[in-house]
Amino acid sequence: MNRVAVLKGGRSLERHVSLKSGARVEEALRRLGHEVLPIDVDIDLVSRLSAAAPEAAFVALHGRGGEDGTVQELLEALGIPYTGSRVSACIRASDKVLAKHAMRDAGIPTPDFFAFSETAFKGLGVAQAVPAITARLSFPLVVKPASQGSALGIKFASSPASVPGALLAAFSYDRKVLLERYVDGRELAISILEQNGEPAALPIVEAVPEQEDFYDFESRYEIGRTRFVCPAELDSELAARAAKVALDAFQLLGCSGFARVDLMLDTSDGELYVLEVNPIPGLTETSLLPQAADAAGIGFDRLIELILAAALPA
Amino acid sequence: MTAPGPRQTRSAAHEIERYAALFADRTKVMKSSAMRDLMALTAREDVISFSGGLPDTSTFPPGFFTELMSRVASESCAKALQYGPTEGLESVRERISDVMAAEGMDVDPDSILPTSGGQQAIDLVCKILLNPGDVVIAEAPTYPGAVPTFCSYEADVIQITMDRDGMKIDELETTLARLDSEGRRPKFIYTIPNFHNPAGVTLSLERRRELIRIAAERELLIFEDNPYGLLRYEGEPLPTLYSLDNDFVIYAGTFSKILSAGVRIGWLVAPPPVLAKLVLGKGSADLCSSSISQYFIAEYFASVAWQDYVRSLSELYRRRRDVMLDALAEHLPREATWTHPEGGLFVWATLPDYIDTTDLLARAIEERVAFVPGRAAYVDGRGGSSMRLNFSGVTEDEIREGIRRLGEVVREQVALYSTLSGEVSPRPAAASKRTSAAPASQAETSAAPPHAAPPGQRDNTNVLPLTRKRAG
C-alpha cells in the first residue's frame with residue numbers, strides 16, 4: 001500500500017476531462033488498497049504536496065501545465081516519484097511541432113507540415129508565404145495549435161480564403177500553429193503501456209465517424225457520433241506495422257509508463273502517418289487507453305496498478 | 001459522510017458498447033463537448049463571467065426571506081412538505097394572474113398551469129406537441145436553453161432571422177409558404193417577443209400584429225415565451241401576443257426574473273384542450289411543482305407590493321445595462337456590432353465573421369472573462385461570430401473590467417487577422433480610430449471617449465448577423 005496523490009483538474013482547457021480521469025483513478029487506487037490524496041491542482045499545489053508528503057503522484061492532468069512537463073518539473077524538484085513520461089518527453093510530445101520535427105528527422109512518417117509562431121506572422125510577414133505553403137500541402141489542409149490537447153482549435157481549411165480564419169482560431173489556443181497536409185483515411189489510436197520496464201502496444205482502437213461531420217473535429221468524441229472499434233479491423237501485417245510505428249514514436253520521444261499515439265491510415269496507398277503522441281491520454285469511461293487495455297485483458301484497476309508500478313522506485 | 005462503496009471493476013469497452021446501444025437516437029443531438037469543457041471553465045472564481053442568465057438574488061433581503069419561510073413553516077408546514085395538485089396551488093395561480101394583469105393580460109387563474117420553471121414550460125409544450133421530425137419555427141438566434149429541448153424531441157427547427165424589430169415576418173412568410181409546398185406544417189412558432197434572449201431585441205408592435213394575423217390565417221400555434229417582459233428599462237411596454245389574441249397563443253411566464261430563479265416556478269397559459277394535455281404531461285414529468293416554493297410565493301405576494309421589488313430590480317439592471325453599453329462602446333473595435341436592449345438581461349454582440357467566438361472564448365478565459373458563444377443559440381451551426389453577454393448578474397465594476405478585458409482580446413484578434421491575411425500594414429487596434437461620423441444623439445458617459453459612438457447603434461439595420469441560408 002502506498003500514499004498516492006492524484007493530481008487532477010488544474011487550469012487547462014481540459015480541466016473537465018481531467019477531473020473525470022482523476023476521479024476514476026482515485027476509485028481504482030482505493031480499490032487497490034492505496035491511500036489516496038486527491039488534489040485539484042491550483043496555486044497551493046506545493047504546500048499541499050509538502051504537507052501530504054505522498055510516496056508518489058499519479059498525474060491525471062491533461063493539456064497545458066499538466067501534460068507539457070510543467071507539473072513534472074515541479075515533481076522532480078520536490079523529489080516525488082510520478083506516473084507517466086519524464087519532463088523532456090512531455091515537452092517533446094506535447095508540442096506537436098517539436099514532435100513532428102523529431103519524427104520526420106528519424107524517418108517516422110508524419111504528414112507534411114509547416115509551423116509558425118504569431119511573431120513570425122507579425123515580424124516576417126509569413127502570411128505572404130501562405131500561398132506557397134498551401135501549394136505544397138494542397139487543400140484541404142488542417143490547421144492546429146502546436147500545443148497538444150483536445151480537438152479545440154483544430155480546423156480544416158478547404159480554400160485559400162479560409163486559411164486566415166483557421167489560423168486565427170488556432171492562435172486562440174497557442175502562440176504557435178501548424179498547417180498540416182490532410183490525410184484522408186482511417187483514424188487509429190494505439191495505446192502504449194509499459195509492463196516490467198518494457199513498453200508494448202495495446203490492441204488498436206479505430207474511431208469510425210457515424211455521421212457526415214467530416215469537418216467537425218469537435219463532435220468526433222461524443223458518444224453516438226463516433227463508433228470506436230477495438231481491436232480495429234486491420235489485417236495482421238498492417239496491425240503489426242502500425243504497432244511498430246507507434247512504439248517507435250513513443251520511444252523516439254522518450255516517453256515512459258504509458259501514452260497514446262494517434263495515427264492516420266491513408267486508405268489510398270496504405271501508408272501510416274503519426275499525427276501526435278499524447279503523453280497523458282484520457283482515463284475516463286469513454287477514453288481510448290482503458291478500452292485498449294481492456295481488449296488486452298487488462299482491467300482498469302490493473303491498468304492503474306501497472307502505471308503506478310512503473311512510477312514507483314523498484 | 002459516506003465513503004464510495006466498492007464497485008465492481010467492469011469492462012470499459014463492453015460498458016461503452018452496451019451504453020452506446022442503449023442511448024436513444026435523440027441523445028445524438030448534443031452540444032459539442034468542446035464547448036461544454038470551455039463553459040465549465042467560466043465558473044472559475046477569478047473569471048468575470050457574462051455567460052450566466054442570472055438575476056441578482058443578492059438584492060433579496062435575507063431577513064425577509066427568513067420571515068417568509070418561517071411563516072410557511074408555522075402556518076402551512078404539513079402542506080408545504082406534501083405533494084400538491086398537478087394544476088398547482090390555487091393561490092399561486094391567482095398571483096400569476098395578477099402578474100399577467102400587470103402586463104395587460106386578463107387571465108382566468110383556472111387556465112394557468114404552474115410549472116417547474118420556464119424550462120419545464122418549454123419541455124412540456126414540446127412533449128405534448130412534437131413527434132420526431134415535426135417542424136418548429138424559432139428565431140435566429142433562439143434561447144440557448146431551448147435548443148437542447150427542441151433537439152431532444154427531435155424537432156426539425158427552422159430559425160428565422162431577426163433584425164432590431166425582432167423576427168423578420170417576410171422571411172417567416174416565405175418559409176411557411178415553402179413548407180406548405182412541401183406539405184409540412186410547423187407545430188408552433190416559438191418566440192421571445194420582449195428583450196429577446198440572447199438577441200436583446202424586442203418584436204415591434206406592427207410585427208406582433210402581423211404574427212398574430214399569420215397565426216390566425218394559417219391556424220398555427222404561437223408559443224410566446226415572456227420571462228423578461230416586466231424588466232423594461234426604457235420605452236413603452238408593448239402588448240403581449242397573448243393579449244392581442246389568445247386563441248392561437250400558448251404563453252409561458254416565470255418568477256425566475258422577477259422574484260427568484262431558485263424557486264423554480266414558471267407557468268403556462270394555453271387554450272383549454274391544450275392545457276388539459278399539458279396537465280397530463282406535467283403529471284407524468286414531476287406530479288407537481290415544489291409545494292414549498294409555491295407556499296413561499298403565496299406568502300411573498302401576500303406580504304409585499306411585489307411590483308416595488310421588480311422596480312428596484314429594473315433600476316439596478318438598467319444601470320448595469322448602461323454600464324455595459326458604455327463599456328462596449330469604449331472597448332470594442334469598430335468592426336463589432338451589438339444590440340441595445342430596452343430591457344431583459346442580455347446584449348448580443350457580433351464580431352467580424354472571421355472570428356469564431358467558441359475559439360475566442362478560450363483566449364478570453366485566459367484573460368479571465370467569459371461569455372456564451374453564439375453558436376449555442378442556433379441548431380444549424382450559424383452564430384459562430386456572435387456572443388451573448390449578460391449584464392444582470394454582474395456588478396458595475398465587474399462589467400467595466402470584464403468588457404475592458406474582452407475588448408482587448410477582440411482588438412488583438414482583429415489586428416491578428418489582418419496580419420494573418422497578409423495585409424501589409426496591419427491596422428492598429430481600433431478603439432482609438434473610431435470616426436466621428438456616427439449620430440451625435442447617443443447618450444455618452446464620462447467613461448466613453450468623446451468621439452466614440454456605440455457602433456451597435458450606428459448601423460440600425462444590421463444589429464444581427466445577416467441571413468445566411470441554412471446548412472443543407
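These numbers were taken from a predicted model, which means no experiment stands behind them.

Glancing now at the domain arrangement of chain B. Residue and element names in this part refer to chain B. Here chain B is partitioned into domain 1 (33-58 + 309-432 + 444-458) and domain 2 (62-303). Taken over C-alpha atoms, the centre of domain 1 sits 28 Å from the centre of domain 2. At the junction of the two partners, domain 1 supplies 28 residues and domain 2 supplies 30 residues. Within the residue set of the side of domain 1 that touches domain 2, elements represented by two or more residues are helix H12 (306-331) and strand S11 (346-350). Looking at the side of domain 1 that touches domain 2, the element that brings in the most residues is H12, giving 6 residues.

Take the nonpolar core next. Counting residues in each nonpolar core, the largest one holds 153 residues, and the members touching the most others are B:Ile222, B:Leu268 and B:Met324. Residues in contact with B:Ile222, not counting those within four places in the same chain, are B:Phe188, B:Ile189, B:Thr191, B:Leu211, B:Ala215, B:Leu241, B:Phe248 and B:Val249. Listed in part, the 74 residues of the second largest apolar core include A:Ala60, A:Val183, A:Ile204 and A:Ala311.

Residue and element names in this part refer to chain B. Tracing the chain through its elements places Ile158 in strand S4 (residues 156-163). Each C-alpha atom, one on Ile158 and one on Asn131, is 15 Å from the other, the two residues being 27 residues apart in sequence. Excluding its chain neighbours within four sequence positions, the residues that come into contact with Ile158 are Val135, Ile137 and Thr175.

The next thing to look at is the pairing of strand S7 (residues 176-181) of chain A. Residue and element names in this part refer to chain A. The element S7 is largely enclosed, with a buried count of 5 among its 6 residues. Note that strand S4 (residues 113-117) and S7 share 5 bridges and pair antiparallel. Residue pairing across strands places Phe114 opposite Leu179, the latter belonging to S7. Pairing between strand S5 (residues 141-145) and S7: 5 bridges, direction antiparallel. Its bridge partner lying in S7, Val143 is registered against Leu179.

Moving on, we get to the domain arrangement of chain A. Here chain A is partitioned into domain 1 (3-83), domain 2 (92-109 + 183-311) and domain 3 (113-181). Distance from the C-alpha centre of domain 2 of chain A to the C-alpha centre of domain 3 of chain A: 24 Å.

Calculation criteria
Residues numbered from 1 in each chain as written. Chains lettered and ligands numbered in written order. Predicted model: local features only at pLDDT ≥ 70, side-chain atom pairs only at ≥ 80, totals over all residues. Domains from an automatic or database assignment. Contact = placed C-beta atoms within 7 Å. Helix = DSSP H or I, 4+ residues; strand = E, 2+ residues; numbered from the N terminus. Core = buried A, V, L, I, M, F, W, Y, C linked by C-beta atoms within 7 Å. Buried ≥ 20, exposed ≤ 12 C-beta atoms within 10 Å, placed from the backbone. Pairing = 2+ DSSP bridges.

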